[in-house]
Amino acid sequence: VASLAGNQFFERLWLWSVWDRSAYPRYRYVTRVPFSSLHLYTLIQFICFAVLYTLTSISAVAVVFPFFMASLVFVRKSFVWLFTQQELDEL
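Residues numbered from 1 in each chain as written. Predicted model: local features only at pLDDT ≥ 70, side-chain atom pairs only at ≥ 80, totals over all residues. Heavy atoms only, no water.

Helices and strands together make up the secondary structure of the chain, namely 5 helices and 0 strands. With the principal axes as the frame, the chain shows a C-alpha extent of 45 × 30 × 20 Å. When each of the 91 residues of the chain is scored for burial, the buried share is 30%. The long-range share in the chain, meaning contacts at least 24 apart out of those at least 6 apart in sequence, stands at 56%. When the accessible surface of the chain is summed, it comes to about 6,400 Å², and 67% of that surface belongs to carbon and sulfur atoms. Seen as two clouds, the 7 positive and the 5 negative side-chain charges of the chain have centres 3 Å apart. (Helix = DSSP H or I, 4+ residues; strand = E, 2+ residues; numbered from the N terminus. Buried < 20%, exposed > 50% of the residue type's maximum accessible area, 1.4 Å probe, protein only. Contact = heavy atoms within 4.5 Å. Areas by Shrake-Rupley, 256 points an atom, 1.4 Å probe, with all protein chains shown as cover. Lys, Arg positive; Asp, Glu negative; His and termini not counted. Charge placed at Lys NZ, Arg CZ, Asp CG, Glu CD.)

Now the structure itself:
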């Protein structure tokens, strides 16, 4: 729990609960990336995190875990179609 402070992923998840964009903290990635791209990137990361957690918690499908880990490389490579290089550098 102590490592959650300062973790960019969890900071971006916390931004989902802040409705007023002017109340967003002035982190570098918040000020340089459009909000839609910021939230889309976080959503994709959250989905991948949820799938990884599910694969590790259900022993019947845990054998698929290494294959999903390998597929994350292709997920990351496909980000160039969704985000600009500048956005990826900031996120």
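With that out of the way, let us pick up the packing of helix α3 (residues 35–57) against helix α4 (residues 65–77). At a minimum axis distance of 10 Å, the contact between α3 and α4 shows a crossing angle of 170 degrees. One element, α3, and the other, α4, form an angle in the roughly antiparallel class. The handedness of the crossing between α3 and α4 comes out as left-handed. In this structure, α3 contributes I44, C48, V51, L52, L55 and T56 to the contact, and α4 contributes F65, F68, M69, L72 and V75. Among the residues making up the contact of α3 with α4, the classes are represented as 10 nonpolar, 1 polar and no charged. (Axes fitted to C-alpha atoms, helices over the stretch in contact; angles between N-to-C directions. Parallel < 35°, antiparallel > 145°, perpendicular 65-115°, else oblique. Left-handed = near helix turned anticlockwise from the far one by under 90°. Nonpolar A, V, L, I, M, F, W, Y, C, P; charged D, E, K, R; others polar.)

If you walk through the whole model with that rule in mind, you get 4 aromatic pairs. Residues F9 and F49 carry aromatic rings whose centres are separated by 5.9 Å and whose planes lie at 55 degrees to one another, so their mutual orientation is tilted. Taken together, the residues span a long stretch of sequence, with F9 in helix α1 (residues 8–15) and F49 in helix α3 at a distance of 40 residues. Judged by its relative accessible area of 11%, F9 falls in the buried class. Grouping aromatic residues by their ring pairs yields a cluster made of Y41, F79 and F83. (Phe/Tyr/Trp six-rings, centres within 6.5 Å; stacked < 30°, edge-to-face > 60°.)

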